[in-house]
Amino acid sequence: MKTTSRSFSRAALASAFLATSLGVSLVLATSAAGAASTLGAAAAQTGRYFGTAVSAGKLGDSTYVNILNREFNMVTAENEMKWDATEPNRGQFSYGRGDQILNQAVSNGKRVRGHALLWHQQEPGWAQRMEGSDLRQAMMNHVTQVATHYKGKIYAWDVVNEAFADGGSGGRRDSNLQRTGNDWIEAAFRAARAADPAAKLCYNDYNTDGINAKSTGIYNMIRDFKARGVPIDCVGIQSHLTNSAPGDYQANLQRFADLGVEVQITELDIAGANQANAYAAVTRACLAVARCAGITVWGIRDTDSWRTGENPLLFDGNGNKKAAYNSVLDALNAATPSTTTTPTTPTTPTTPTTPTTPTTPTTPNPGGCTASVSLNSWNGGFVATVKVTAGGTALSGWRVTTGLPGGAAVTNAWSATNSGTTGSVTWSNVSYNGNVAAGQSTEFGFQGTGSAQGMSATCAAS
């Protein structure tokens, strides 16, 4: 629930990052006593990460940067990748500050979490004044454009942030985003997957640390998404805590993991006199859940925290390690090391969302191909995902023709180039998806205005 104001060598970190990315055997350098001496290195021993939120405005602070480079192997931008920062005016995108954080992280062997594509707070002023289908179109375009800009560079996106209400209802929060239709979260996840198929897609929220009405509402949404093939790979548990985590914290992490999604502790900070013990308990809970991928603390030093005066982080204002730091490092080092990391494969949507218009593919001739379409529609717009499947012979290129109904028009596209935007539109493969093995598939997508119900699609090898 944050507001806007909120000795492992570089070579070893870079090697660890590369090995983790490729899923190969990873052996970490440790101290002479056999224990890793930094948070990132200690977490990596069990195939996990330990990260922090970073502000671009503090990258000129040498104490801040030295701790960042030494201790952490995952980075989240505090505000620089949010909607108000990346699209201050409609259709005009600004990535400079987000790119600065990403480039600093990657150059020092770290991965990056993207935060956050859609959130009812920190909307740009122009979006705050919008409603209905116009807002829905703007939302989907924002997701598509930002995720496309960072395609292949982001480990995981918080696609939607804090969309559930506090209290006992377990329902959605009222916002202009929610009023565009109850399927808006699903639509955002599908658009994010189409824009960057390799990124893990997360739902992120606060006050979800234990088993309560709010976390159960989110649990039910994720269970539904998994059952219907909506692409969701992870859930973010923020964990802004005081003194301790709930007694059922680990059980809550485990029930989400049992749905088949990765659990990520995304914004950890703990205030109060029991801080060191509480940090250790949260760390041990993550280590006890196989699908808990890692922990991110929301800031580096107490003076960097959005919780002014509560001193909830692992380093004091001068950059000195606190007792909480030592308790976390000890908990990480006490865990059983793992020498092999196996990254979770992002979910591939298999069941189209409702309403859908799947084409009826014809039986392909050897060397031919078929095309089928899944639609995610709302009043005044749609996102179409087109699946191209090779016949009995591999494709070295393909061409798809879609017949759009009257009044429908293409506004943007990904993973294909198009000729025309209305009526009969021809789509051709791009460099990376033209070669399709016999019987295998690839996908491209596009967003449009109007209604695409009844759209047809045919495919030919090229």
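That block above? That's the structure.
All of the points below concern the structure found in this document. Every value quoted in this text rests on a predicted model; they were computed, and no experiment measured them.

Brief notes about the packing of helix H11 (residues 275-288) against helix H12 (residues 323-334)
Point 1. The interhelical angle for the contact between H11 and H12, taken along N-to-C directions, is 25°, at an axis separation of 8 Å. Relative to H12, the element H11 is oriented roughly parallel. Judged by the sense of rotation from one axis to the other, the crossing of H11 with H12 is right-handed. Residue-level contacts link Gln275, Ala276, Tyr279, Ala280, Thr283, Arg284 and Leu287 of H11 to Ala323, Ala324, Ser327, Val328, Ala331 and Leu332 of H12.
Point 2. For the contact of H11 with H12, the residue count by class is nine nonpolar, three polar and one charged.

Let's talk about the pattern of salt bridges
Point 1. Throughout the structure, instances matching the rule amount to 19 salt bridges.
Point 2. We note a salt bridge from Arg301 to Asp61, for which the minimum N-O separation is 3.0 Å. Of this pair, Arg301 sits in the loop between strand E9 (292-297) and H12 while Asp61 sits in the loop between strand E1 (49-54) and helix H3 (62-71), and the two are 240 residues apart along the sequence.
Point 3. When salt bridges that share partners are traced, they join Lys58, Asp61, Arg301 and Asp304 into one network.

Looking at the sheet that holds strand E15 (residues 424-428)
Point 1. With antiparallel pairing, the four strands of this open sheet are ordered in space as E14-E15-E12-E17. Looking at the sheet topology across the chains shown, the edges are occupied by strand E14 (417-419) and strand E17 (456-461). Pairwise comparison of adjacent strand axes, ignoring direction, gives a mean angle of 25° for this sheet.
Point 2. Strand direction decides the pairing type here: strand E12 (residues 398-403) and E17, joined by six bridges, are antiparallel. Considered in E17, the bridge of Val400 is made with Cys459.

Regarding the state of the cysteines
Point 1. All chains considered together, the criterion is met by three disulfides.
Point 2. A sulfur-sulfur distance of 2.1 Å marks the disulfide that ties Cys286 to Cys292. Taking the sign of the torsion about the S-S bond as the criterion, the disulfide between Cys286 and Cys292, at about -105°, is left-handed.
Point 3. In this structure Cys286 comes out as buried when scored by relative accessible area, which is 1%.
Point 4. A relative accessible area of 1% places Cys292 in the buried class.
Point 5. Across a sulfur-sulfur distance of 2.0 Å, Cys369 and Cys459 are joined as a disulfide pair. Disulfide Cys369 to Cys459: torsion about the S-S bond roughly -95°, handedness left-handed. Here Cys369, found in strand E10 (residues 369-378), pairs with Cys459, found in strand E17; they are 90 residues apart in sequence, far enough to count as distant.
Point 6. Given the relative accessible area of 7%, Cys369 is considered buried.

A few points about the nonpolar core
Point 1. Judged by nonpolar contacts, the single largest core of 94 residues is most densely connected at Phe50, Trp157, Phe189 and Leu314.
Point 2. Ranked by residues supplied to this core, first place goes to helix H8 (residues 184-195) with eight residues.
Point 3. Apart from the residues within four sequence positions on either side, Leu314 is in contact with Leu39, Phe50, Tyr279, Val297, Ile300, Asn320, Lys321, Lys322, Ala324, Tyr325 and Val328.
Point 4. Core analysis: the next-biggest nonpolar cluster, separate from the first, contains 25 residues, Trp398, Val400, Val425 and Met455 among them.

Considerations on H12
Point 1. The terminal C-alpha atoms of H12, which comprises 12 residues, lie 16 Å apart, in line with the 16 Å expected from a rise of 1.5 Å per residue.
Point 2. Looking at H12, one finds that the buried residues are Ala324, Tyr325, Ser327, Val328, Leu329, Ala331 and Leu332.
Point 3. The inward-facing, buried residues of H12 contact helix H2 (39-44), E1, H3 and H11.

Quick look at the pairing of strand E11 (residues 381-390)
Point 1. Counting buried positions over the 10 residues of E11 gives eight, a clear majority of the element.
Point 2. Here E11 pairs with strand E16 (residues 441-449) via nine bridges, running antiparallel. Bridge pairing in E16 links Lys387 to Glu443.

Quick word on the packing of aromatic side chains
Point 1. Enumeration according to the criterion identifies 11 aromatic pairs in this entry.
Point 2. Taking the centre distance of 4.5 Å and the plane angle of 20° together, the rings of Trp427 and Phe446 count as stacked. One end of the pair, Trp427, is in strand E15; the other, Phe446, is in strand E16, and 19 residues separate them in sequence.
Point 3. Ring-pair connections join several aromatic residues into one group, and the members of that group are Phe93, Tyr95, Tyr150 and Trp157.
Point 4. One residue, Arg111, lies across the ring of Tyr155, its end atom 4.5 Å from the ring centre.
Point 5. For Arg255, the ring lying beneath its charged end belongs to Tyr219, and the centroid distance is 4.9 Å.

Points about unusual backbone geometry
The bulk of non-glycine residues show a negative phi, and the bulk of peptide bonds are trans.
Point 1. Along the chain, His115 connects to Ala116 via a cis peptide bond; the corresponding omega equals -10°.
Point 2. Within the secondary structure layout, Ala116 lies in strand E3 (residues 111-119).
Point 3. With a phi angle near 55°, Gln122 is a residue other than glycine that sits in the positive phi range.
Point 4. With respect to the helices, strands and loops of the structure, Gln122 is situated in the loop between E3 and helix H6 (125-128).

Observations regarding helix H10 (residues 249-257)
Point 1. All of the buried residues in H10 are Tyr249, Asn252, Leu253, Arg255, Phe256 and Ala257.
Point 2. Elements that come into contact with the buried residues of H10 comprise helix H9 (213-228), strand E6 (234-237), strand E8 (262-271) and H11.

Cut-offs used in this document
- Residues numbered from 1 in each chain as written.
- Predicted model: local features only at pLDDT ≥ 70, side-chain atom pairs only at ≥ 80, totals over all residues.
- Heavy atoms only, no water.
- Axes fitted to C-alpha atoms, helices over the stretch in contact; angles between N-to-C directions.
- Helix = DSSP H or I, 4+ residues; strand = E, 2+ residues; numbered from the N terminus.
- Parallel < 35°, antiparallel > 145°, perpendicular 65-115°, else oblique.
- Left-handed = near helix turned anticlockwise from the far one by under 90°.
- Contact = heavy atoms within 4.5 Å.
- Nonpolar A, V, L, I, M, F, W, Y, C, P; charged D, E, K, R; others polar.
- Salt bridge = Lys/Arg side-chain N within 4 Å of Asp/Glu carboxyl O.
- Pairing = 2+ DSSP bridges.
- Disulfide = S-S within 2.5 Å.
- Buried < 20%, exposed > 50% of the residue type's maximum accessible area, 1.4 Å probe, protein only.
- Core = buried A, V, L, I, M, F, W, Y, C linked by side-chain atoms within 4.5 Å.
- Expected span 1.5 Å × (residues − 1).
- Phe/Tyr/Trp six-rings, centres within 6.5 Å; stacked < 30°, edge-to-face > 60°.
- Lys NZ or Arg CZ within 6 Å of the ring centre and 35° of its normal.

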